[in-house]
Amino acid sequence: MYILGISCYYHDAAAVLLHDGQVVAAAEEERFSRIKHDFGFPKLAIKFCLEQAGIKGTDLDYVVYFEKPFRKLDRILMMTFQTYPKSWKVFRESMMTWTMDKMWVASTIQSELGDIPKEKILFSEHHLSHAASAFLCSPFDEAAILTVDGVGEWVTGTCGVGRGNEIKLLRQMEFPHSLGLLYSAFTAFLGFEVNEGEYKVMGMAPYGQPRYVDKVWKVVRQNSDGSFALDMDYFSFHYSTDRTFTRRFESLFGEPRPTKLNFFTEGTGFPKYFGDPPSNYRELCKLNQHYADIAASIQKVTEELLLGMARNLQKQTGLKQLCIAGGVGLNSVANSRILRETEFEQLYVQPAAGDGGGALGAALWAYNTLLGHPRTFTMKHAYWGSANSEGEISDFLVQNNIPHHRLKNEDELVDTVVDRLTNAKVVGWSQGRFEWGPRALGSRSILADPRNPEMKDIVNSKIKFREPYRPFAPSVLAESAEKYFELPHATLHYPARFMLYVVPVVPSQHSTLPAITHVDGTGRLQTVFKEQSPRYYKLIERFGQATGVPVVMNTSFNLKGEPVVTTPANAFHTFKTSEMDTLVLENFIVEKSDL
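The shown structure was predicted, so the numbers you read here are calculated from the model rather than taken from an experiment.

**A closer look at the packing of aromatic side chains**
Tallied over the full model, the rule gives 22 aromatic pairs. Their ring planes at 80° and their centres at 5.3 Å tell us that Tyr-65 and Phe-66 sit as a pair that is edge-to-face. In this structure, Tyr-65 and Phe-66 share a single accessibility class: buried. Among the aromatic side chains, those forming a connected cluster through ring pairs are Phe-175, Phe-186, Phe-189, Phe-235, Phe-237, Phe-245, Phe-249, Phe-253 and Tyr-291.

**A few points about the sheet that holds strand 6 (residues 142–148)**
Pairing is mixed across the open sheet formed by five strands, whose spatial order is 8-7-6-11-12. In the strand order of this sheet, the two ends are held by strand 8 (166–174) and strand 12 (346–348), each with one partner. On average, each strand axis in the sheet is tilted by 20° relative to the strand beside it, whichever way the strands run. Pairing of strand 7 (residues 155–163) with strand 8 involves eight bridges; the strand directions are antiparallel. Note that in strand 8 the partner of Arg-163 across the bridge is Glu-166. Running over the sheet, helix 6 (residues 126–135) touches strand 6, strand 7, strand 8, strand 11 (321–325) and strand 12 and is turned about 135° from strand 6.

**Quick notes on the pattern of salt bridges**
This model, assessed by the stated rule, comprises 29 salt bridges. Among the salt bridges present, the one from Lys-47 reaches Glu-51, with a minimum N-O distance of 2.8 Å. With a gap of four residues between them, Lys-47 and Glu-51 both fall in helix 2 (residues 43–53), about one helical turn apart. You can call Lys-47 partly exposed: its relative accessible area is 47%. The residue Glu-410 makes a salt bridge to Arg-535 at a minimum N-O spacing of 2.8 Å. Taken together, the residues span a long stretch of sequence, with Glu-410 in helix 15 (residues 410–422) and Arg-535 in helix 19 (residues 534–547) at a distance of 125 residues.

**Quick word on the side chain of Glu-196**
Relative to the elements of secondary structure, Glu-196 occurs in the loop between helix 7 (179–189) and helix 8 (198–204). No salt bridge is formed by the buried Glu-196. Its closest oppositely charged neighbour is Lys-36, at 4.7 Å. Side-chain polar atoms of Glu-196 contact the side chain of His-37, separated by 2.4 Å.

**What about the nonpolar core?**
With 177 residues, the main nonpolar core has Leu-4, Leu-60, Leu-182, Val-219, Phe-235, Phe-253 and Met-379 as its most contacted residues. Ranked by residue count, the leading element in this core is helix 11 (residues 281–317), at 14 residues. If we skip the residues at most four places from it in the chain, Val-219 touches Leu-182, Phe-186, Ala-229, Leu-230, Asp-231, Tyr-234, Phe-235, Leu-252 and Phe-253. One finds Val-414, Leu-447, Leu-477 and Leu-539 within the second-largest nonpolar core, a separate group that totals 19 residues.

**Digging into a nonpolar patch on the surface**
Among the surface-exposed residues, Met-1, Leu-370 and Leu-371 lie close enough to one another that they form a single nonpolar patch of about 220 Å² accessible area. Take Met-1: it is sitting in the segment before strand 1 (2–7). Accessibility expressed as a relative area gives 31% for Met-1, which makes it partly exposed.

Reading guide: rules and limits
Residues numbered from 1 in each chain as written. Predicted model: local features only at pLDDT ≥ 70, side-chain atom pairs only at ≥ 80, totals over all residues. Heavy atoms only, no water. Phe/Tyr/Trp six-rings, centres within 6.5 Å; stacked < 30°, edge-to-face > 60°. Buried < 20%, exposed > 50% of the residue type's maximum accessible area, 1.4 Å probe, protein only. Pairing = 2+ DSSP bridges. Helix = DSSP H or I, 4+ residues; strand = E, 2+ residues; numbered from the N terminus. Axes fitted to C-alpha atoms, helices over the stretch in contact; angles between N-to-C directions. Contact = heavy atoms within 4.5 Å. Salt bridge = Lys/Arg side-chain N within 4 Å of Asp/Glu carboxyl O. Lys, Arg positive; Asp, Glu negative; His and termini not counted. Polar contact = N/O pair within 3.5 Å; in protein donor to acceptor, adjacent residues only side chain to side chain. Core = buried A, V, L, I, M, F, W, Y, C linked by side-chain atoms within 4.5 Å. Patch = residues over 30% accessible without salt bridge, like charges linked within 9 Å, V, L, I, M, F, W, Y side chains within 5 Å. Areas by Shrake-Rupley, 256 points an atom, 1.4 Å probe, with all protein chains shown as cover.

This is how it looks when you write it as structure tokens:
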């Protein structure tokens, strides 16, 4: 049985294909279209999934869409009518997008996939898809489930229980009371793009102190049962397309942060790779500190809200295992606090926790829950995208007259890359099938030596062309993780495989790993297992043998504002545009010095 799951028309469109309940392929549309957060119908991702399985659209038994469009339309109409005339722009833009594509999901699926019968097209619910994406591919037979995001149809968060192949959602929060939209409002206030810059707020927060927590609690109230309510006098996302917060919000927190304001604080110094400090350096530092404190405050309140929801869910269910999904599930700092500060002992978050992951949940819900098939799949790794064959790579390099050489075997390849890393080189690393979700986990990664204190500034400024405060992740051999990071029993924690925990770096190792130790002494680690990532594991192992430190610095293989690379052409463009030193495409190596 083949089942295709689809998510699209909001952000991060994606497709996932199951064969008898096992994932065959999973990918977000942006990887093929090269449009960051592409929300259109994922025709390219679907094409890849079908080709990976060697089937046609007419071979599919079911196609499952991740939400119910007309329930979402009901919410949009209700809110625009309630807030009219302020909402006239929302109404106009919503009607344009709905009449163009969102009302015709079933028809689009039929036309794109070969006139599939309508009885084979199914619709899940947004948060049920999230819940299924977390629980049905988890290692747990029984678990509590927490889903939290911006908004689905009406629902913004749920608490539930999964047992076997059944999911029961016990409680829900509804729009406009949304933790995801609360965090997004502060994201916009801090000068970042909504649905893109939330992780920048999380990265900025450690540079500040939560001085404004009391003010944040004025715009949101948490109840004793873990639920919460926003004071809508401070927000405009329910009736405005231009702003997510009101003048009253500004009277509480001050002027919004200018989008072109470079971020640096006096305590961290001015990164030397950005040239000489401007003449008003100290004034800018003071201003940035104010915004960093606001970032720290909303991050703190977000964590407390999630902790409240998790504690009440654990008390209600008595379970020790928790599955989390929804965009807020990518808040890796909050995930770590839930593990440390609640009665839950095990946590599972699948790598594409946001809306893209709804395609996975929709397909699993149909196969396991709706059709009643037993669960047989656990997502232990994230390598479900497309790969590049040696023939494709060789053809691209030869046809474009790019100097290169091919190494004879894996040992020679790994030793060559280790040599580059230990000599302060930055390496673009493209191997195997690309990752499912937003994290680079050793298939499409930029790698560097974590022992080099200059590497963070070098990669941020010369390669990623992004904000200098942004942290980088450590990839560590799973069995060595506890030596460097405060994560007991690290091999048991699935979110660490997917880079979804932020944990303290062992204090005695701060000087060993300066490039990946954030300003607050933490790191967003990835534990690497030999079984799931054999070549990446061997590289880190060999680096450890050469240096005594089985850890590499890892960041996604892309430039600022671009999707992570997919093809040899994408990889070479990123390599040539930046100041990376070495490009590795499977067994082929390109050196910048040879170009």
